[in-house]
Amino acid sequence: MEAGPHDTDQQQRAAADGASGLSPDGPDDQDVLAEQVEVELRPARRLRIWQLAPIVALAAVGSLMFGFPLAFGTGGTGGAGAVVAMLGLLISCCAAGWGVMAARRVGHTWPGLPPRGSGERPDWRVIALYAGMGALLVALAVWRVARLR
């Protein structure tokens, strides 16, 4: 792209005068490549390790808090295992939300949904599928913790 319009009259006068010291505003015809390559000036937006590490650590701690009382809970602790399991589930869900928001900030989208800012409407079947899967996971987790009591 150029800053302003070409001065074609000056180019024609320079060609007629035979002035070899002057060049047109653009590249010479022999310098033009058959295939031009555009380069993005901004670096690619992607998640770095320092952004992912706290999310992964929080998810691991939350899943362990959710899993251990369910696996080893004998029920003799007076329901403390259910409280720890629900707290672990809450921490895991917070880590998942944090991860989704971090991914959205760098431009990732959920599979089946249009990119952000494209103006396209998402398909209602894909949204219903995601909502159904989320509801099923929540129902299974609550049912499993309720069985501890």
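If you're wondering where the values come from, they're calculated on a predicted model, not measured in any experiment.

### Section: the overall build of the protein
Then, in step 1: A count of helical and extended segments in the protein gives four helices and zero strands.
Then, in step 2: What you see in the protein, going N to C, is helices and strands ordered as α-α-α-α.
Then, in step 3: Scored against the burial criterion, the 149 residues of the protein give a buried share of 14%.
Then, in step 4: In the protein, once contacts between residues fewer than 6 apart in sequence are set aside, the share between residues at least 24 apart is 54%.
Then, in step 5: For the protein, the exposed surface amounts to about 12,300 Å²; the carbon and sulfur share of it is 63%.

### Let's talk about helix H4 (residues 124–146)
Then, in step 1: Over its 23 residues, H4 runs 32 Å from end to end, which matches the ideal 33 Å to within 8%, given 1.5 Å per residue.
Then, in step 2: Of all the positions in H4, only Val126, Ala141 and Val145 are classed as buried.

### Details of the nonpolar core
Then, in step 1: Residues Phe66, Ala82, Ala85, Leu89, Ala141 and Val145 constitute the largest nonpolar core, which totals six residues.
Then, in step 2: Among the secondary structure elements, those contributing two or more residues to this core are helix H3 (80–105) and H4.
Then, in step 3: The leading source of residues in this core is H3, at three residues.
Then, in step 4: Aside from chain neighbours lying at most four places away, what touches phenylalanine 66 is Ala85, Gly88, Leu89, Ala141 and Val145.

### Some remarks on the UniProt feature "transmembrane region" (unreviewed entry) in the protein
Then, in step 1: Those residues carrying the UniProt feature "transmembrane region" (unreviewed entry) are residues 52–72, 78–103 and 124–146 in this numbering.
Then, in step 2: For residues 124–146, the helix share is 100%, the strand share is 0%, and the end-to-end C-alpha distance is 32 Å.

### A closer look at a positive patch on the surface
Then, in step 1: On the surface, a cluster of positive charge is contributed by Arg45, Arg104, Arg105 and Arg116.
Then, in step 2: Mapped onto the elements, arginine 104 comes out in helix H3.
Then, in step 3: Judged by relative accessible area, which is 42%, arginine 104 ranks as partly exposed.

### Concerning the pattern of salt bridges
Then, in step 1: Scanning the entire structure with this criterion turns up one salt bridge.
Then, in step 2: Measuring nitrogen to oxygen at the nearest pair gives 3.1 Å for the salt bridge that ties aspartate 123 to arginine 125.
Then, in step 3: Judged by its relative accessible area of 27%, aspartate 123 falls in the partly exposed class.
Then, in step 4: Relative accessible area serves as the criterion here: at 53%, arginine 125 is assigned to the exposed category.

### Some points on the state of the cysteines
Then, in step 1: The full count for this structure, using the stated rule, is zero disulfides.
Then, in step 2: Free of any disulfide, cysteine 93 has its nearest cysteine sulfur in cysteine 94, 7.1 Å distant.
Then, in step 3: For cysteine 94, a relative accessible area of 45% translates into the label partly exposed.

The rules behind the values
- Residues numbered from 1 in each chain as written.
- Predicted model: local features only at pLDDT ≥ 70, side-chain atom pairs only at ≥ 80, totals over all residues.
- Heavy atoms only, no water.
- Helix = DSSP H or I, 4+ residues; strand = E, 2+ residues; numbered from the N terminus.
- Buried < 20%, exposed > 50% of the residue type's maximum accessible area, 1.4 Å probe, protein only.
- Contact = heavy atoms within 4.5 Å.
- Areas by Shrake-Rupley, 256 points an atom, 1.4 Å probe, with all protein chains shown as cover.
- Expected span 1.5 Å × (residues − 1).
- Core = buried A, V, L, I, M, F, W, Y, C linked by side-chain atoms within 4.5 Å.
- UniProt positions renumbered as here; feature names shortened; annotations may be inferred.
- Patch = residues over 30% accessible without salt bridge, like charges linked within 9 Å, V, L, I, M, F, W, Y side chains within 5 Å.
- Salt bridge = Lys/Arg side-chain N within 4 Å of Asp/Glu carboxyl O.
- Lys, Arg positive; Asp, Glu negative; His and termini not counted.
- Charge placed at Lys NZ, Arg CZ, Asp CG, Glu CD.
- Disulfide = S-S within 2.5 Å.

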